[in-house]
Amino acid sequence: EDQVTQSPEALRLQEGESSSLNCSYTVSGLRGLFWYRQDPGKGPEFLFTLYSAGEEKEKERLKATLTKKESFLHITAPKPEDSATYLCAVAGNEKLTFGTGTRLTIIP
Amino acid sequence: GAVVSQHPSWVICKSGTSVKIECRSLDFQATTMFWYRQFPKQSLMLMATSNEGSKATYEQGVEKDKFLINHASLTLSTLTVTSAHPEDSSFYICSARRGGSDSPLHFGNGTRLTVT
């Protein structure tokens, strides 16, 4: 059975304090790993897709990386508007499996 | 980017009544749409896969007679919660993908259902 574990569960950072969120996974036949941002009371917003180990994607202050066992979402010099829950999901041979997310809070 | 619209964004209904939620893909055709349910601080739980022109595929433990899904066109899927009870109160989110199974899902903004 495919599994996705995200850590930490919650993270509080000062504005400008860089950090990384982790997504560990086990999957039979990785078709893709996806990162989403979810604001309270809203649906997830797509951020990145990674398909193979070594791949990296960037968007503004966010950078996603992928290895054979985990993915990191690096956030550089975050701002308060980056506060949200970040979800990771893996597409295996069967279906899409989501992690429970990391709730990120950026303190001004 | 792909846009998925969901309506209503919130609804309050009395126990025993039915509620319909609409999900539309605005800028692409979706032969398949997905309905999720999310509890507070929990992961997204796939309820069913909606297939245009055919019956929906339900995940184990999801009552197909309670959660009726209709996918009548390439841009519209509906979820009807029948004879709603307070335990059906939740956040329901639909999604669709533009390409194959290795393409990302694009989500609607969700519907907060409260059954009193």
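Up top is the structure.
Definitions and limits used
Within each chain, residues carry numbers counting from 1 in the order of the written sequence. Going through the entries in the order they are written, you letter the chains from A and number the ligands from 1. This being a predicted model, a pLDDT of at least 70 is required before a residue's local features are given, and a value of 80 or more before pairs of side-chain atoms are given or counted; all residues contribute to the totals for chains, interfaces and linings. As a convention, hydrogens and water are excluded, and side-chain values are obtained from all of the structure's heavy atoms. The helix count covers DSSP runs of H or I at least four residues long, the strand count covers runs of E at least two residues long, and both are numbered beginning at the N terminus. A radius of gyration in this sense is built from C-alpha atoms; the matching globule rule multiplies 2.2 Å by the number of residues raised to 0.38. Type-normalised accessible area, obtained with a 1.4 Å probe on protein chains alone, sets the label of each residue: buried when under 20%, exposed when over 50%, and partly exposed for intermediate values. The contact rule is simple, with two residues in contact once any of their heavy atoms fall within 4.5 Å. Under the convention used here, a 1.4 Å probe and the Shrake-Rupley method define accessible areas, while residue burial counts only the protein chains that appear. Here the positive residues are Lys and Arg and the negative ones are Asp and Glu; neither His nor the chain ends is included. Taken as the charge location is NZ of Lys, CZ of Arg, CG of Asp or CD of Glu. When two rings of Phe, Tyr or Trp (its six-membered ring) have centres within 6.5 Å they constitute a pair, described as stacked for plane angles under 30 degrees, edge-to-face for angles over 60, and tilted for the intermediate range. Take the accessible area each of two parts loses on contact, using a 1.4 Å probe, and add the two losses: that sum is the buried area. Criterion for a salt bridge: a side-chain nitrogen of Lys or Arg within 4 Å of a carboxyl oxygen of Asp or Glu. Polar contact is the term for a pair of N or O atoms within 3.5 Å; when the atoms are in protein, one must be able to donate a hydrogen and the other to accept it, and sequence-neighboring residues count only if both atoms are side-chain atoms. Under the scheme applied here, ten amino acids are nonpolar (Ala, Val, Leu, Ile, Met, Phe, Trp, Tyr, Cys and Pro), four are charged (Asp, Glu, Lys and Arg), and all others, including Gly, are polar. Criterion for a disulfide: a pair of cysteine sulfur atoms within 2.5 Å.

Participant: How should I be thinking about the overall build of chain B in this particular structure?
Facilitator: Of the regular secondary structure elements, chain B holds zero helices and eleven strands. Counting from the amino terminus, chain B carries its helices and strands in the arrangement β-β-β-β-β-β-β-β-β-β-β. In terms of overall dimensions, chain B is globule-like: its C-alpha atoms have a radius of gyration of 13 Å, near the 13 Å expected for 116 residues. If you line up chain B on its principal axes, its C-alpha atoms span 40 × 30 × 25 Å. Among the 116 residues that make up chain B, the fraction classed as buried is 51%. Summarising the internal contacts of chain B: among those between residues at least 6 apart in sequence, 53% fall at separations of at least 24. Carbon together with sulfur atoms contributes 51% to the accessible area of chain B, which is approximately 5,700 Å² in total. Looking at charge distribution, chain B has the averaged site of its 11 positive side-chain charges lying 5 Å from that of its 9 negative ones.

Participant: Any chance you could explain the packing of aromatic side chains here in plain terms?
Facilitator: Here a ring pair, both rings aromatic, is described through the centre-centre distance and the interplanar angle of the planes. If you walk through the whole model with that rule in mind, you get seven aromatic pairs over all chains. Ring geometry for Tyr36 of chain B against Phe107 of chain B: centres 5.7 Å apart, planes inclined by 55°, an arrangement best described as tilted. Of this pair, Tyr36 of chain B sits in strand β4 (residues 32–38) while Phe107 of chain B sits in strand β10 (residues 106–107), placing them 71 residues apart in sequence. For Tyr36 of chain B, a relative accessible area of 2% gives the class buried. Clustering of aromatic rings is evident, with ring pairs tying together Tyr36, Phe46 and Phe98 of chain A together with Tyr36 and Phe107 of chain B.

Participant: How do you make sense of the interface of chain A and chain B when you look at a structure like this?
Facilitator: Accessible area lost on assembly of the parts is the figure often given for the size of an interface. Counting residues at the interface gives 19 residues for chain A and 19 residues for chain B. Carbon and sulfur atoms supply 56% of the area that chain A and chain B bury against each other, a total of about 1,500 Å² over both sides. Viewed at the interface, chain B and chain A are joined by one salt bridge. Here Lys95 of chain A makes a salt bridge to Glu59 of chain B, at a shortest N to O gap of 2.9 Å. Between the two partners, chain A and chain B, sit seven residue pairs in polar contact (both at pLDDT 80 or more). In terms of residue count, strand β4 (residues 32–38) of chain A provides more of the side of chain A that touches chain B than any other element does, three residues in total. Across the side of chain A that touches chain B, the residue classes tally to nine nonpolar, six polar and four charged.

Participant: Before we go on, may I ask you to explain the state of the cysteines in this structure?
Facilitator: In protein structure, a disulfide is the covalent linkage between the sulfur atoms of two cysteines. Residue and element names in this part refer to chain B. A complete count under the given rule lists two disulfides over all chains for this structure. Residue Cys23 pairs covalently with Cys94 via a disulfide, S to S 2.0 Å. Looking along the S-S bond of the Cys23-Cys94 disulfide, the torsion reads about 80°, which is the right-handed sense. Separated by 71 residues along the polypeptide, Cys23 in strand β3 (residues 19–25) and Cys94 in strand β9 (residues 90–96) bring together distant segments of the chain. Sulfur of Cys13: no disulfide; nearest cysteine sulfur belongs to Cys94 and is 18 Å away.

Participant: What should I look at first to understand unusual backbone geometry in this one?
Facilitator: The phi torsion of most residues other than glycine is negative, and most of the peptide bonds are trans. A cis geometry characterises the amide bond from Ser7 of chain A onward to Pro8 of chain A, with omega recorded as -5°. For Pro8 of chain A, the location among the structural elements is in the loop between β1 (3–7) and β2 (10–14). Residues His7 of chain B and Pro8 of chain B are joined by a peptide bond in cis, for which omega reads 0°. Counting through the fold element by element, Pro8 of chain B comes out in the loop between β1 (4–7) and β2 (10–13). Positive phi values are uncommon outside glycine, yet Ala77 of chain A reaches one of about 45°. Take Ala77 of chain A: it is sitting in the loop between β8 (70–75) and β9 (84–91). For Ala77 of chain A, a relative accessible area of 36% gives the class partly exposed. Backbone geometry at Ser83 of chain B places phi at a positive 45°, although glycine is not the residue there. Following the sequence through the fold, Ser83 of chain B ends up in the loop between β8 (76–81) and β9.

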